[in-house]
Amino acid sequence: MGGLKKLFIIIVYIFFAASMQSCEFFEKIPEVFTGGDKISFCVKYSPNTDNCEGRGNIFKAGKVTVLIELSEGIGVDEALVNITNEQNGSIVNTMQYTVGKSLKKIYFPNIDFPNPGKFKVSILTPEGNVVISDVIEITL
C-alpha cells in the first residue's frame, strides 16, 4: 500500500507544479497531440501585428476569422474551409482559398455564421484530407 500512496503523492505534486506554471501550460497540452498544429477562431485577425482579437470558441452570429498555425507547411496550393453542423452532420458551407504550399500560418477572414448552433470547422486539402479542425459554437 505504501507504493500506491507514493504514486498518488507524485501525481498530485505533478498536477500542482503544472498548475503553478499558469493556464498557458494547459492550453498547450492539445499541441502535444497535434504536433503543434493549432486552429483558432477570432473576431478579427491582423497579420501585421499577428493579433487574434477576441480569440475563443463561442461567438455571436456573424463573421469570424479562422486562423491555423501548422508545424509544417500546408503542402497544397488550395485549401477548403468546410463547415459542418455538429448536430446532424450536414455540410453547411465549403469555401475554397488559394494558399501557399509552404505557409505555416494561414487565416481565413470573414467566415459567416448567420445561425446559432455548434459547427465543426475543418481545413481540408483539395483531395478531402483534414489538415486540422475544431468546433465553434454560435449564439444569438
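Here goes a summary of the coordinates provided. Sequence positions are assigned chain by chain, starting from 1 and proceeding in written order. Thresholds applied to this predicted model are a pLDDT of at least 70 for local features of residues and 80 or more for the giving and counting of side-chain atom pairs; totals over whole chains, interfaces and linings are not thresholded and use all residues. With hydrogens and water set aside, each side-chain value is computed from the structure's full complement of heavy atoms.

**Description of the side chain of Asn85**
Alright, step 1. Helix and strand definitions here come from DSSP, where helices need a minimum of 4 consecutive H or I residues and strands a minimum of 2 consecutive E residues; each element is numbered from the N-terminal end. As for its position among the elements, Asn85 is in strand β6 (residues 78-85).
Alright, step 2. Partly exposed describes any residue whose relative accessible area lies between the buried limit of under 20% and the exposed limit of over 50%, with all areas from a 1.4 Å probe on protein chains only and scaled to the type maximum. Judged by its relative accessible area of 17%, Asn85 falls in the buried class.

**Focus on the packing of aromatic side chains**
Alright, step 1. Aromatic pairing here means that ring centres of Phe, Tyr or Trp (its six-membered ring) are within 6.5 Å. Orientation follows from the plane angle: under 30 degrees is stacked, over 60 is edge-to-face, and everything else is tilted. By the definition in use, this model includes 3 aromatic pairs.
Alright, step 2. With centroids separated by 5.0 Å and ring planes inclined at 55°, the aromatic side chains of Tyr45 and Tyr107 adopt a geometry described as tilted. With Tyr45 in strand β2 (residues 44-46) and Tyr107 in strand β8 (residues 105-113), the pair connects residues that are 62 residues apart, well separated along the chain.
Alright, step 3. Of the residues examined, Tyr45 reaches a relative accessible area of 10% and is grouped as buried.
Alright, step 4. When the ring of Tyr97 is compared with that of Phe108, the centres are 5.0 Å apart and the planes differ by 65°; the resulting orientation is edge-to-face. Here the residue Tyr97 occupies a position in strand β7 (residues 91-98), and Phe108 occupies one in strand β8, the gap between them amounting to 11 residues.

**Details of the sheet that holds β7**
Alright, step 1. The 5 strands lie next to each other as β4-β10-β9-β6-β7, forming an open sheet whose pairing is mixed. Strands with a single pairing partner mark the edges of an open sheet, and in this sheet they are β4 (58-60) and β7. Averaged over neighbouring strand pairs, the angle between their axes works out to 25° when direction is ignored.
Alright, step 2. Should DSSP find at least two bridges between two strands, the strands are taken to pair. Relative to strand β10 (residues 130-139), strand β9 (residues 117-124) runs antiparallel, the two sharing 8 bridges. When the bridges of β10 are listed, Val121 appears paired with Asp134. All axes are obtained by fitting lines to C-alpha atoms, using only the stretch in contact for helices, and the reported angles, taken between N-to-C directions, cover 0 to 180 degrees.

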